[in-house]
Amino acid sequence: MSEELLTVPEVMGWLKVGRTTVYDLIRTHRLPSLTIGRSRRIPADGLRNYLAARLQYEEAA
């Protein structure tokens, strides 16, 4: 298994948004995540899928 896991600050950097926005995306299940100990991790594929879906939505609008 070679799935890359990103931290919340890494996702913040990728999306250029704040911590609250990332946690809102996680809370509303638009961005998948898992908890390891007390740390939240986001699969890189989950972030890519979220971005692809958003791009499709924006192009359709």
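A brief look at the structure comes next. Not measured: the values here are computed from a predicted model.

1. Brief notes about the pattern of salt bridges
Here's step 1: A complete count under the given rule lists three salt bridges for this structure.
Here's step 2: Across the pair arginine 48 and aspartate 45 runs a salt bridge, and its minimum N-O distance is 2.6 Å. Here the residue arginine 48 and the residue aspartate 45 both occupy positions in helix α3 (residues 44-60), the gap between them amounting to three residues, near one helical turn.
Here's step 3: What makes arginine 48 partly exposed here is its relative accessible area of 49%.
Here's step 4: Taking relative accessible area as the criterion, aspartate 45 reaches 40% and is therefore assigned partly exposed.

2. Regarding helix α2 (residues 19-27)
Within an α-helix, residues lying three or four positions from one another point in the same direction, as the helix has 3.6 residues per turn.
Here's step 1: Those residues of α2 not exposed but buried are Val22, Leu25 and Ile26. An end-on view of α2 places all buried positions within 100 degrees of arc, on one side of the element. The exposed set on the far side of α2, more than 90 degrees from its buried face, consists of Thr20 and Arg27.
Here's step 2: Close packing links the buried residues of α2 with α1 (8-15), β3 (39-43) and α3.
Here's step 3: Backbone geometry just downstream of α2 places histidine 29 in the positive-phi region, at approximately 65 degrees.

3. Concerning the packing of α1 against α2
Here's step 1: Contact geometry for α1 and α2: axes closest at 9 Å, N-to-C directions at 105 degrees. If you check the angle between α1 and α2, you find them roughly perpendicular. Contact residues: α1 offers Val8, Pro9, Val11, Met12 and Leu15, while α2 offers Arg19, Val22, Tyr23 and Leu25.
Here's step 2: A breakdown of the residues in the contact of α1 with α2 according to their chemical character gives eight nonpolar, no polar and one charged.

Reading the values: rules and limits
Residues numbered from 1 in each chain as written. Predicted model: local features only at pLDDT ≥ 70, side-chain atom pairs only at ≥ 80, totals over all residues. Heavy atoms only, no water. Salt bridge = Lys/Arg side-chain N within 4 Å of Asp/Glu carboxyl O. Helix = DSSP H or I, 4+ residues; strand = E, 2+ residues; numbered from the N terminus. Buried < 20%, exposed > 50% of the residue type's maximum accessible area, 1.4 Å probe, protein only. Arc of directions from axis to C-beta. Contact = heavy atoms within 4.5 Å. Axes fitted to C-alpha atoms, helices over the stretch in contact; angles between N-to-C directions. Parallel < 35°, antiparallel > 145°, perpendicular 65-115°, else oblique. Nonpolar A, V, L, I, M, F, W, Y, C, P; charged D, E, K, R; others polar.

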